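An overview of the molecular structure
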Amino acid sequence: MAQDRRTSWWPLAVLLAFLLLFGCCSCLFASAVVAALAAFGREARVQGATPRPLPVPSLEPMPEQGALVVAVEPGSPADLAGLAPGDVITAVGERKLSRALTLEMALAKYRPGDRVRLTWWQRRSGQLVTGVNILLGAHPEDPDRPYLGVRYRMLP
């Protein structure tokens, strides 16, 4: 009988030893990970690294009138100036865009090679970009027409 009791406790003892060993190893591993993360945090602060800021909410509401940029041709004057799809061009020079004055109409008074000052609402920052002088190119279909390099649709 005594022999039967010892053999019946043997698997339980092995299981208990395994759990204790695994439990200690996992605690040691967890404490090593915590220590490494803490050291990394101290190192990052020492080197002057700062965490990435959260996105800033829009400071300016999206304009109700203007030319909504749908596409920007790579290498075009608009691309070089930093315009991107989703931006809204609100003025060309001192003239504000509207349904009555489209982007094409506002650019018509300029020639290829002229500098034009654009104002636009930038979607990615939510801010109004003003006073950017852009060198107009020649339109690919008509070299006498100015070329900005955007496809757009007028906002109501």
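Residues numbered from 1 in each chain as written. Predicted model: local features only at pLDDT ≥ 70, side-chain atom pairs only at ≥ 80, totals over all residues. Heavy atoms only, no water.

**A short note on the overall build of the protein chain**
Operational definition: Numbering goes from the N terminus for both helices and strands, where a helix is a DSSP run of H or I of at least four residues and a strand is a run of E of at least two. Summary of the burial criterion: residues with accessible area below 20% of their type's maximum are buried, those above 50% are exposed, and those between are partly exposed, where the area comes from a 1.4 Å probe applied to protein chains only. Residue contacts follow a heavy-atom distance rule, with two residues in contact if any of their heavy atoms lie within 4.5 Å. Only the protein chains shown count as cover for residues, and the accessible areas themselves come from Shrake-Rupley with a 1.4 Å probe.
Looking only at helices and strands, the protein chain has three helices and eight strands in total. Ordered by position from the N terminus, the helices and strands of the protein chain form the series α-β-α-β-β-α-β-β-β-β-β. Across the 156 residues that make up the protein chain, the buried fraction comes to 31%. A separation of at least 24 residues holds for 58% of the contacts in the protein chain among residues at least 6 apart in sequence. Surface exposure of the protein chain reaches about 11100 Å², of which carbon and sulfur atoms provide 63%.

**Here we look at the environment of A138**
Mapped onto the elements, A138 comes out in strand β6 (residues 137–138). Sequence spacing of A138 and L148 is ten residues, and the spatial spacing of their C-alpha atoms is 8.5 Å. Leave out the neighbours within four places in its chain, and A138 touches P112, P143, R145 and Y147.

**Structural notes on the pattern of salt bridges**
Opposite charge on two side chains allows them to pair when their charged atoms are near. Stated precisely, the cut-off is as follows: Criterion for a salt bridge: a side-chain nitrogen of Lys or Arg within 4 Å of a carboxyl oxygen of Asp or Glu.
Counted under the stated rule, the structure contains one salt bridge. Close ionic contact of R117 with E94 constitutes a salt bridge, the shortest N to O distance being 2.3 Å. Taken together, the positions of R117 in strand β4 (residues 115–122) and E94 in the loop between β2 (88–92) and β3 (95–96) put the pair 23 residues apart, joining distant regions of the chain. Classification of E94 as exposed rests on a relative accessible area of 66%.

**As for the side chain of T90**
Inspection of the secondary structure assignment puts T90 in strand β2. A relative accessible area of 13% places T90 in the buried class.

**Notes on the nonpolar core**
Applicable threshold: Think of a nonpolar core as a cluster: buried Ala, Val, Leu, Ile, Met, Phe, Trp, Tyr and Cys residues, connected wherever their side-chain atoms sit within 4.5 Å.
Grouped together as the largest cluster of nonpolar side chains are 22 residues, with contacts concentrated most on L83, I89, V92, L97, L103, L118 and L148. Listed by contribution, the elements that provide at least two residues to this core are β1 (67–72), β2, α3 (103–107), β4, β5 (127–135) and β8 (150–154). Filtering out sequence-adjacent residues up to four positions away, L148 remains in contact with S76, P77, A78, I89, L103, L107, L118, I134 and L136.

**Structural notes on the layout of surface pockets**
Let me state the cut-off plainly: Using only the protein atoms, space was sampled on a 1 Å grid; points where a 1.4 Å probe fits but cannot get out form cavities, open sets with protein on both sides within 12 Å along at least five of seven lines form pockets, and lining residues are those with an atom within 4 Å of a point. Grid points are joined across faces, edges and corners, and a volume is the space filled by probe spheres set on the points. Residue polarity follows a fixed list, in which Ala, Val, Leu, Ile, Met, Phe, Trp, Tyr, Cys and Pro are nonpolar, Asp, Glu, Lys and Arg are charged, and the others, Gly among them, are polar.
Empty space within the largest pocket amounts to approximately 300 Å³. Elements that contribute at least two residues to the lining of the largest pocket include exactly α3, β7 (146–147) and β8. Residue composition of the lining of the largest pocket, grouped by class: eight nonpolar, two polar and four charged.

**With respect to the pairing of β2**
Our working definition: In this analysis, strands are considered paired if DSSP registers two or more bridges between them.
Among the five residues that make up β2, five are buried, leaving the element largely enclosed by the rest of the structure. Bridge analysis of β1 against β2 gives two bridges, and the strand direction is antiparallel. Counterpart to L68 in the pairing with β2 is V88. For β2 and β4, the ladder comprises four bridges, and the chain directions are antiparallel. Across the sheet, V88 pairs through a bridge with W121, a residue of β4.

**Some words on the pairing of β1**
Taken residue by residue, a regular strand's side chains alternate between the two faces of the sheet. Most of β1 sits out of view: five of its six residues are buried. Relative to β8, β1 runs antiparallel, the two sharing five bridges. Of the residues in β8, the one forming a bridge with V72 is V150.

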